[in-house]
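Summary of structural features
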Amino acid sequence: MFFKSLIGRIVILSFLLFMFAIGSVTLFHIRREHTHITTSSLRTADLMMSVIERAIYSSMSTGNSRDVQTILEMVGSDERLAGVRIFHPDGRVLKSSEPHEIGRRVNPHDLATFLQGQKHDVFRGPTGEEVMGVVKPIYTERRCTPCHGAGRRVIGVLNLDLSLSEMEAQLLETSQLFSFTMLVIVLLLTGGISL
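The sections below set out a description of the structure shown in this document. (Residues numbered from 1 in each chain as written. Predicted model: local features only at pLDDT ≥ 70, side-chain atom pairs only at ≥ 80, totals over all residues. Heavy atoms only, no water.)

1. Some details on the overall build of the protein
Here is the rule: The secondary structure listing takes helices from DSSP runs of H or I that are at least 4 residues long and strands from runs of E that are at least 2 residues long, numbered from the N terminus. Only C-alpha atoms enter the radius of gyration; for comparison, a globular chain is expected to reach 2.2 Å times N to the power 0.38, where N is the number of residues. When accessible area is computed with a 1.4 Å probe and restricted to protein chains, residues below 20% of their type maximum are described as buried, those above 50% as exposed, and intermediate ones as partly exposed. In this analysis, two residues are considered to be in contact whenever any of their non-hydrogen atoms come within 4.5 Å of each other. Calculation of accessible area relied on Shrake-Rupley with a 1.4 Å probe; when residues are assessed, cover is drawn exclusively from the protein chains displayed. Here Asp and Glu are counted as negative and Lys and Arg as positive; His is not counted, and neither are the chain ends. Note that the charge is assigned to NZ on lysines, CZ on arginines, CG on aspartates and CD on glutamates.
Scanning the protein from terminus to terminus reveals five helices and five strands. What you see in the protein, going N to C, is helices and strands ordered as α-α-β-β-α-β-β-α-β-α. For the protein, the C-alpha radius of gyration of 25 Å lies well beyond 16 Å, the compact-globule estimate for 195 residues. The principal-axis extent of the C-alpha atoms belonging to the protein is close to 90 × 30 × 25 Å. The 195 residues of the protein split such that 33% are buried. When contacts within the protein are restricted to residue pairs at least 6 apart in sequence, those whose partners lie at least 24 apart make up 56%. Surface accessibility of the protein: about 12,200 Å² in total, with carbon and sulfur atoms responsible for 62%. Here the protein contributes 20 positive and 19 negative side-chain charges, whose respective centroids are spaced 7 Å apart.

This is the structure in structure tokens:
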């Protein structure tokens, strides 16, 4: 009758308290790690977007619109990216790292992110992996006037979809390590108290 004895109750109560305390700390660290990974991914995406945007403006200012497609295909070959494209504010893909996308509708998540005035959104891609979609409106500037006319307006939306599958794998590995460590600590503490 271990469960009815005072020692049994103390051991069970200690086990439950340790599980709650260490489990709470573990959950806090996992959430913190997820936030850190998301922030780091967003910084990477912002840096890539800035580089792509400068290259596009440089090509367009010299009238080399074909170079824009080449730039997107070259950047889009990075395995961390699920796609790079420029789409019209109405959702039609103008240029893309995947040429078969040109003329089609952009992913509804990316279009909604732009239309809602957001900078990024995280969603599940077609293959089930988590993807961070980042959008950045491309505005006309004074140097764009000869081709796009006068007035500051959105002439396209630069869109980068960053695959988070590698980050998800790291987070899963961290979660498993934390959970295993938590279980070992709880068992050791409970065993020590019961002895």
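Back to the write-up after that little detour.
2. A few points about helix α3 (residues 108-115)
Counted only if it meets this: Starting at the helix axis, one direction is taken to each C-beta atom, and the arc is that of these directions. What qualifies as a polar contact is a pair of N or O atoms within 3.5 Å, subject to a donor-acceptor requirement within protein and to the restriction that residues adjacent in sequence count only when both atoms come from side chains.
Residues Asp110, Leu111, Thr113 and Phe114 constitute the buried set of α3. The buried residues of α3 occupy an angular sector of 160 degrees when the element is viewed end-on, so they sit on one face. Exposed positions of α3 whose direction lies more than 90 degrees from the buried face are Pro108 and Leu115. If you follow the buried residues of α3, they end up packed against β1 (81-87), β3 (120-124), β4 (130-139) and β5 (154-163). One side-chain oxygen of the residue at the start of α3 lies 2.7 Å from the amide nitrogen of His109, identifying that residue as Asn107. Positive phi appears at Gly117, one or two residues downstream of α3, with a value of about 75 degrees.

3. Quick look at the packing of aromatic side chains
Let me state the cut-off plainly: Pairing of aromatic rings covers Phe, Tyr and Trp, the last through its six-membered ring, and needs centres within 6.5 Å; plane angles under 30 degrees mean stacked, over 60 mean edge-to-face, and all others mean tilted.
With the rule as written, the count across this model stands at one aromatic pair. An angle of 85 degrees between the planes, with centres 6.2 Å apart, marks the rings of Phe87 and Phe114 as edge-to-face. With Phe87 in strand β1 and Phe114 in helix α3, the pair connects residues that are 27 residues apart, well separated along the chain. Here the two residues Phe87 and Phe114 agree in accessibility, since each one is buried.

4. Re the nonpolar core
What counts, and what does not: Definition used in this section: a nonpolar core is a set of buried Ala, Val, Leu, Ile, Met, Phe, Trp, Tyr and Cys residues joined via side-chain atoms within 4.5 Å.
Residues Ile52, Ile56, Leu72, Ile86, Leu158 and Leu160 are the most contacted members of the largest nonpolar core, which totals 20 residues. Mapped onto this core, the elements with two or more residues apiece are α1 (6-61), α2 (65-76), β1, β4 and β5. Among the nonpolar cores identified, the runner-up in size contains seven residues, and Val93, Leu111, Phe114 and Val157 belong to it.

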